[in-house]
Amino acid sequence: MKAALYTEFNGPITIENLLDPVPVYGGVVLKVEATGLCRSDWHGWVGHDTDILLPHVPGHELAGIVSAVGKGTKKFKVGDRVTVPFVGGCGKCAQCASGNQQVCDNQFQPGFTHWGSFAEYVGIHYADTNLVHLPSNVSFETAASLGCRFITSYRAVVHQGQVQADQWVAIYGCGGVGLSAIMIAKSKGAQVIAIDINDEALAFAESIGADFLINSKEQDPVEAVKEISNGGAHLSMDALGNKITCYNSIANLRKRGKHVQVGLMAGDDYDPKVPMHLVLANELEILGSHGMQAHAYPEMMNLIKSGELEPERLIGELISLEEGAALLPEMNKFKGIGVRVINKF
């Protein structure tokens, strides 16, 4: 198969011909039809993820067609159109038994614990636990854009944040995660405030539902959120993963508000300062959100099928595998609007 490969962290990413994967017991092999280009892949490439063993094929947001089925797999067959969350559960540990495959003790993560989807084929473990049948009216490109950013935002806003109609929601960072969160919060009837340093990204956020825009290079976002919302956000999310945005997302909450951390904290941002005096005095909640379980997909998929959610609007550019390999090292420069999806292999 053709695949993007790197043999050292921060090193060249080259297109190589590699052996096709073989399905493991309980697993499948997918012919990759589309895969997203995500900042988490950049974190892996620079060496922030200790699960990655070199050489490595990145890519964790994917959709495709089952091309081979391993022994022990019962729910899927060759030819099925499928997608998969970026965190796969083993189906046997205590976390999986409680329905929380997104924090499985033995998790399978294509593009991190195993080779990923920047390739013509990818092997998926624990298929019956993790694969999701793809409705015929949802394209491979849209499904690939769901796999990390949209599902993480959906669970963060709806399940973890428990957003309610007419609440104030602040979203820090208008990349793929933040834009997804804006669309989802707005669909639930919230008043949404988008915060970024890029006016073009903010304009796009407004086009998909943001009610108020804050350029944090031009004004203090904490004070601006409090003024706009008359006291602070009920729910706030750091969709970027930065010491400053994490702090500000907590600091702009009203009493008993919720902060959800979705942006990956790594490298220099690994150990952020937290305004614990506000957490204590105002009874704030700090929550993490790490993907979404495969069994939770139907709720979100039904909203997509009905048109209440339109994740396809977040796709900014369709690119080739070669273009994806060239763009991955630039992912921390925050260029471009929306989600880039590889659909040419």
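Preceding block: the structure.
A.B. asks: Account for unusual backbone geometry, with residues named and values stated.
C.D. replies: Geometrically, the link from Leu54 to Pro55 is a cis peptide bond, its omega value of -5° lying close to zero. Note on placement: Pro55 falls in the loop between α1 (39–46) and β4 (62–69). Of note, Asp166 is a non-glycine position whose phi angle comes to about 75°, a positive value. Given a relative accessible area of 61%, Asp166 falls into the exposed group. You will see that Asn230, though not glycine, has its phi angle at about 60°, which is positive. Among the secondary structure elements, Asn230 is positioned in the loop between α7 (221–229) and β11 (233–238).

A.B. asks: Let's hear about the pairing of strand β15 (residues 339–344): which residues, and what values?
C.D. replies: Bridge analysis of strand β3 (residues 28–37) against β15 gives three bridges, and the strand direction is antiparallel. Within the sheet, the bridge partner assigned to Gly36 lies in β15 and is Val341. Bridge count for strand β14 (residues 315–320) against β15 is five bridges, and the pairing is parallel. Along β15, the bridge assignment pairs Ile319 with Ile342.

A.B. asks: Now, about helix α5 (residues 176–187): what can you tell me, with residues and values included?
C.D. replies: Spanning 12 residues, α5 covers 17 Å between terminal C-alpha atoms, matching the ideal 16 Å at 1.5 Å per step. For α5, the buried fraction is high: 10 of the 12 residues fall into the buried class. Of the residues making up α5, those classed as buried are Gly176, Val177, Gly178, Leu179, Ser180, Ala181, Ile182, Met183, Ile184 and Ala185. On its buried face, α5 is in contact with α4 (140–160), β8 (168–172), β9 (191–196), α6 (199–207), β11 and β15. Two residues or fewer after α5 comes Gly189, characterised by a positive phi angle close to 90°.

A.B. asks: Break down the packing of aromatic side chains for me, citing the residues and quoting the values.
C.D. replies: Evaluated as defined, the whole model comprises two aromatic pairs. Summarising the aromatic geometry, the rings of Tyr6 and Phe9 are spaced 6.4 Å apart at their centres and angled 55° between planes, so their arrangement reads as tilted. A residue is classified by how much of its surface remains accessible, and Tyr6, at 1% relative accessible area, is buried. Seen in terms of ring centroids, Trp168 and Phe212 are 5.7 Å apart; in terms of plane orientation they differ by 45°. Their pairing is tilted. Taken together, the positions of Trp168 in strand β8 and Phe212 in strand β10 (residues 212–215) put the pair 44 residues apart, joining distant regions of the chain.

A.B. asks: Help me get a handle on the pairing of strand β1 (residues 2–6), residues and values and all.
C.D. replies: Along β1, five of the five residues are buried, which leaves the element largely enclosed by surrounding structure. Residues Lys2, Ala4 and Tyr6 of β1 are buried on one face, and the alternating residues Ala3 and Leu5, pointing to the opposite face, are buried as well. Sheet topology note: the β1/strand β2 (residues 13–17) ladder contains five bridges and is antiparallel. Following the sheet pairing, Ala4 is matched in β2 by Ile15. What sits between the antiparallel neighbours β1 and β2 is a turn of six residues, in which Asn10 has the positive phi angle 65°.

A.B. asks: With reference to specific residues and values, describe the pattern of salt bridges.
C.D. replies: If you walk through the whole model with that rule in mind, you get eight salt bridges. Across the pair Glu33 and Lys31 runs a salt bridge, and its minimum N-O distance is 3.0 Å. Judged by relative accessible area, Lys31 falls into the partly exposed class, the value being 36%. Two residues, Glu317 and Arg340, come together in a salt bridge whose shortest N-O distance is 3.1 Å. Linking Glu317 in strand β14 with Arg340 in strand β15, this pair joins segments that are 23 residues apart in sequence.

A.B. asks: Describe the nonpolar core, naming the residues involved and giving the relevant values.
C.D. replies: Counting residues in hydrophobic clusters, the biggest one holds 51 residues, and the most contacted among them are Val157, Ile182, Met237, Met300 and Leu309. Residue assignment for this core shows that the elements contributing at least two residues are α4, β8, α5, β9, α6, β11, α10 (297–306) and β15. When residues in this core are grouped by element, the largest group, 10 residues, is from α4. Excluding residues that lie within four positions of it along the chain, Met237 makes contacts with Ser153, Ala156, Val157, Ala170, Ile171, Tyr172, Val177, Ala181, Ser249, Val260 and Val262. Counting residues in each nonpolar core, the second largest holds 22 residues, with Met1, Ala3, Phe112 and Ala325 among its members.

A.B. asks: Go over the environment of Gln109 with me, naming the residues and quoting the values.
C.D. replies: Inspection of the secondary structure assignment puts Gln109 in the loop between α2 (94–97) and β6 (121–124). A residue is classified by how much of its surface remains accessible, and Gln109, at 6% relative accessible area, is buried. For the pair formed by Gln109 and Phe86, sequence separation is 23 residues and the distance between their alpha carbons is 5.8 Å. Among residues more than four places away in sequence, those in contact with Gln109 are Asp51, Phe86, Val87, His114 and His290.

A.B. asks: Talk me through α4; I want residue IDs and the actual numbers.
C.D. replies: At Gly147, α4 shows its strongest bend, of approximately 65°. Most of α4 sits inside the fold, with 18 of its 21 residues counted as buried. One or two residues past the end of α4 sits Gln162, with phi positive at roughly 50°.

What counts, and where the lines are drawn
- Residues numbered from 1 in each chain as written.
- Predicted model: local features only at pLDDT ≥ 70, side-chain atom pairs only at ≥ 80, totals over all residues.
- Heavy atoms only, no water.
- Helix = DSSP H or I, 4+ residues; strand = E, 2+ residues; numbered from the N terminus.
- Buried < 20%, exposed > 50% of the residue type's maximum accessible area, 1.4 Å probe, protein only.
- Pairing = 2+ DSSP bridges.
- Expected span 1.5 Å × (residues − 1).
- Contact = heavy atoms within 4.5 Å.
- Phe/Tyr/Trp six-rings, centres within 6.5 Å; stacked < 30°, edge-to-face > 60°.
- Salt bridge = Lys/Arg side-chain N within 4 Å of Asp/Glu carboxyl O.
- Core = buried A, V, L, I, M, F, W, Y, C linked by side-chain atoms within 4.5 Å.
- Bend = angle between axes of the 7 residues up to and from the residue.

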